[in-house]
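So you can see what is in the structure, the chains are spelled out below.
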Amino acid sequence: MMANSRPIGVFDSGVGGLTVLREIEQILPREDVVYLGDTARMPYGNKSPETIVRYTLEGASFLLDKNIKLLIVACHTASSYGIDILQEQLPIPVIGVIQPGFELLMQSTRSMRIAILGTEATIRSKVYQNLIEEHYPKAKIFPVPCPLFAPMIEEGLVDQVFTKQIVEHYLSCLRNKKIDAALLACTHYPLIRSLIQETLGENVQLIEPARVCAEQAKEWLVSSSLANFQSTPPRYEFFSTDETDKFKQKMEIFFPVRHVSVFLRDWKSVNNLKSCNQTFT
Ligand code: DGL
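Residues numbered from 1 in each chain as written. Predicted model: local features only at pLDDT ≥ 70, side-chain atom pairs only at ≥ 80, totals over all residues. Heavy atoms only, no water.

1. Describing the overall build of the protein
- The number of helices and strands found in the protein is eleven helices and ten strands.
- Taking 2.2 N^0.38 as the reference for a compact globule, 281 residues should give roughly 19 Å; the C-alpha atoms of the protein span a radius of gyration of 18 Å, in line with that estimate.
- C-alpha atoms of the protein, sized along the principal axes, occupy 55 × 40 × 40 Å.
- The burial tally for the protein puts 56% of its 281 residues in the buried class.
- Relative to all contacts within the protein whose residues are 6 or more apart in sequence, the contacts with residues 24 or more apart total 78%.
- Within the protein, one finds 29 positive and 31 negative side-chain charges whose respective centroids are separated by 2 Å. (Helix = DSSP H or I, 4+ residues; strand = E, 2+ residues; numbered from the N terminus. Rg over C-alpha atoms; globule rule 2.2 N^0.38 Å. Buried < 20%, exposed > 50% of the residue type's maximum accessible area, 1.4 Å probe, protein only. Contact = heavy atoms within 4.5 Å. Lys, Arg positive; Asp, Glu negative; His and termini not counted. Charge placed at Lys NZ, Arg CZ, Asp CG, Glu CD.)

Structure follows, in structure tokens:
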């Protein structure tokens, strides 16, 4: 296989990473993709750092075996704990969502009063807070863990009466904080963007890193002469570590498939994710 016709790997704890894949499809329409959603072990957001790192390395190892040329870690929780280790250990480049999210957030705020919305683990990792404090010591950061958001959205419960109440429950604390930007630091949150916007008010810009992440991938592919110029439609291959049918149903919420060919594999072929001891040989 020619180096530039190798696929891009996209990793997420579940189907949420499809919100990132949507952007990859737009920005890199000729690239083949292998997507792995670790649905059997999702959510990562309530797991310990050690467990998140182990799962992330196992997922990356699975995708490496698919001969990918670049790995995109769509999951904020996995990126928060695993991106440095992956970038150090993998023989291919690894792009996460943290740096794009940070850059976009800081380009967008004027008041330097900003909120970070994410899973418990992402917020606890302080990955965004540390980056911001290091580069913008005057920024006032309001980190808000929203543990129910991802499971609720994963179940497709995005427009129920209680969805609004749950959004209100987590985010009403931000109302008097005079923030002007909030980072949606979780793959799932774009799916309830309008509710979050309604709750925070229209003066607050909601920041999603997915597009910038896809653009960074494009930059790397072009600068390394590894972009795919195929004229046939790209091949998208999806793997999930648990029930494929459920994954397919959820795909319809997150990523209605239009132009791409989809090959969905039975989870049994992937349930032997290699146990990985933080080394890639
Ligand atoms: N994909 C995760 C993230 O972006 C959310 C779901 C989970 O907790 O696994 O943080």
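2. Focus: the packing of aromatic side chains
- Going through the model one piece at a time under the given rule, you end up with ten aromatic pairs.
- With a centroid separation of 5.4 Å and 50° between ring planes, the pair formed by Tyr-44 and Tyr-55 is classed as tilted. Taken together, the positions of Tyr-44 in the loop between strand S2 (33-37) and helix H2 (49-64) and Tyr-55 in helix H2 put the pair eleven residues apart, joining distant regions of the chain.
- Judged by relative accessible area, Tyr-44 falls into the buried class, the value being 1%.
- Here a set of aromatic residues connected by ring pairs shows up, and it is made of Tyr-35, Tyr-236, Phe-238 and Phe-247.
- Above the face of the Tyr-55 ring, Arg-41 is positioned so that its terminal group lies 3.8 Å from the ring centre. (Phe/Tyr/Trp six-rings, centres within 6.5 Å; stacked < 30°, edge-to-face > 60°. Lys NZ or Arg CZ within 6 Å of the ring centre and 35° of its normal.)

3. Describing the site of the ligand
- Around the ligand, 14 residues are found, and the nearest of them are Ser-13, Tyr-44, Gly-45, Thr-77 and Thr-187.
- Within the side chain of Asp-12, a nitrogen or oxygen atom sits 3.0 Å from a nitrogen atom of the ligand.
- Thr-77 is positioned with one of its side-chain polar atoms (N or O) 2.5 Å from an oxygen atom of the ligand.
- For the ligand, the accessible surface in isolation is 290 Å², of which the surrounding protein chains cover 99%.
- Among the cavities detected, the one that contains the ligand is the largest cavity.
- When grouped by side-chain class, the residues that make up the shell around the ligand number six nonpolar, seven polar and one charged. (Near = heavy atom within 4 Å. Polar contact = N/O pair within 3.5 Å; in protein donor to acceptor, adjacent residues only side chain to side chain. Areas by Shrake-Rupley, 256 points an atom, 1.4 Å probe, with all protein chains shown as cover. 1 Å grid on protein atoms, 1.4 Å probe; cavity = no way out; pocket = protein on both sides within 12 Å on 5 of 7 lines; lining within 4 Å. Sits in = over half its atoms within 2 Å of the grid points. Nonpolar A, V, L, I, M, F, W, Y, C, P; charged D, E, K, R; others polar.)

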